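Tertiary structure, described
The residues making up each chain are set out below.
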Amino acid sequence: MSDDECIQSAGARIGRLPAERPPALEALLRRRSHSKHTDDAPSRAELEQLVAAMASVADHSRLRPWRIIELRGAARARLGEGIAAASGGDRDKQVAKAMRSPLVLVIVVSPRKSGKVPLWEQEAVASGVAHFLGLLLHEAGWGSIWKTGAHTRSKALRKALGVRKPEYLLGWLYVGGIPDRDRDRRPKPRKPLDLSRHLTEL
Ligand SMILES: Cc1cc2nc3c(=O)[nH]c(=O)nc-3n(C[C@H](O)[C@H](O)[C@H](O)COP(=O)(O)O)c2cc1C
């Protein structure tokens, strides 16, 4: 099956879709994470363009209750050092893990005071930002994967990354170039959804 046939069959399972699928649907059907990256990474200018697009994420009262910390080069070690401090684990091992990709984007919930918008709604916005950013990165030809861990919300990791309460982490995206062997792969097969469970009616 060609890439297009594979995507087409995924789409066909979702519903009656026009032959020319809208770009957002196409991008979502093709989206996948990549855990292995080359040393290439989006430039600061490219990243700014993608992050600027997050102004369109649905956001109750437009609080924009999030921020992203960009880690490149030696700064990536801060992630590993924070995890090692939180877990009491091997610093060098954690630092090596954090440096596995050329760019790390730490996703931070930055709660705003609001009588109307509770924290869970603000976290939902930050989560949307992480999802859309991963989608846009993929569409732009970059690989990314959202990671977390047992110490994502630990004080030690927050401290290492300069994140102060009430801010907290939603995890981080490892970002980089997609290796040729992965780029050539056909779209990731997805188990079709059981729509009787995921789309219910009253
Ligand atoms: C909030 C969140 C946290 C995640 N944490 C991890 C993680 O720590 N380790 C991991 O291997 N995958 C984690 N994942 C899943 C990967 O990001 C990815 O979705 C998964 O490998 C499946 O690949 P796919 O996105 O191509 O379907 C997390 C996903 C989300 C949304």
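Residues numbered from 1 in each chain as written. Predicted model: local features only at pLDDT ≥ 70, side-chain atom pairs only at ≥ 80, totals over all residues.

1. Quick look at the site of the ligand
Taken together, R32, S33, I145, W146, K147, T148, G149, G171 and K188 make up the full set of residues adjacent to the ligand. With 3 residues, the single largest contributor to the shell around the ligand is strand 3 (residues 142–147). (Near = placed C-beta within 6 Å. Helix = DSSP H or I, 4+ residues; strand = E, 2+ residues; numbered from the N terminus.)

2. Structural notes on the domain arrangement of the chain
It is common to report an interface's size as the accessible area lost on association of the parts. Assigned domains within the chain: domain 1 (1–30) and domain 2 (33–189). Using C-alpha coordinates to define each centre, domain 1 is positioned 28 Å away from domain 2. (Domains from an automatic or database assignment.)

3. A few points about the sheet that holds strand 2 (residues 103–109)
Strand order in this open sheet of 4 strands is 1-2-4-3, and the pairing throughout is antiparallel. Only two strands of the sheet have a single neighbouring strand rather than two, namely strand 1 (66–72) and strand 3. Each adjacent strand pair in this sheet contributes to an overall mean axis angle of 25°, direction not counted. For strand 3 and strand 4 (residues 168–177), the ladder comprises 6 bridges, and the chain directions are antiparallel. When the sheet's bridge partners are listed, G143 is paired in strand 4 with G176. (Pairing = 2+ DSSP bridges. Axes fitted to C-alpha atoms, helices over the stretch in contact; angles between N-to-C directions.)

4. What about the UniProt feature "domain: Nitroreductase" (unreviewed entry) in the chain?
Per the UniProt record, the feature "domain: Nitroreductase" (unreviewed entry) sits at residues 29–176. Measuring from the first to the last C-alpha atom of residues 29–176 gives 21 Å, for a span that is 39% helix and 20% strand. (UniProt positions renumbered as here; feature names shortened; annotations may be inferred.)

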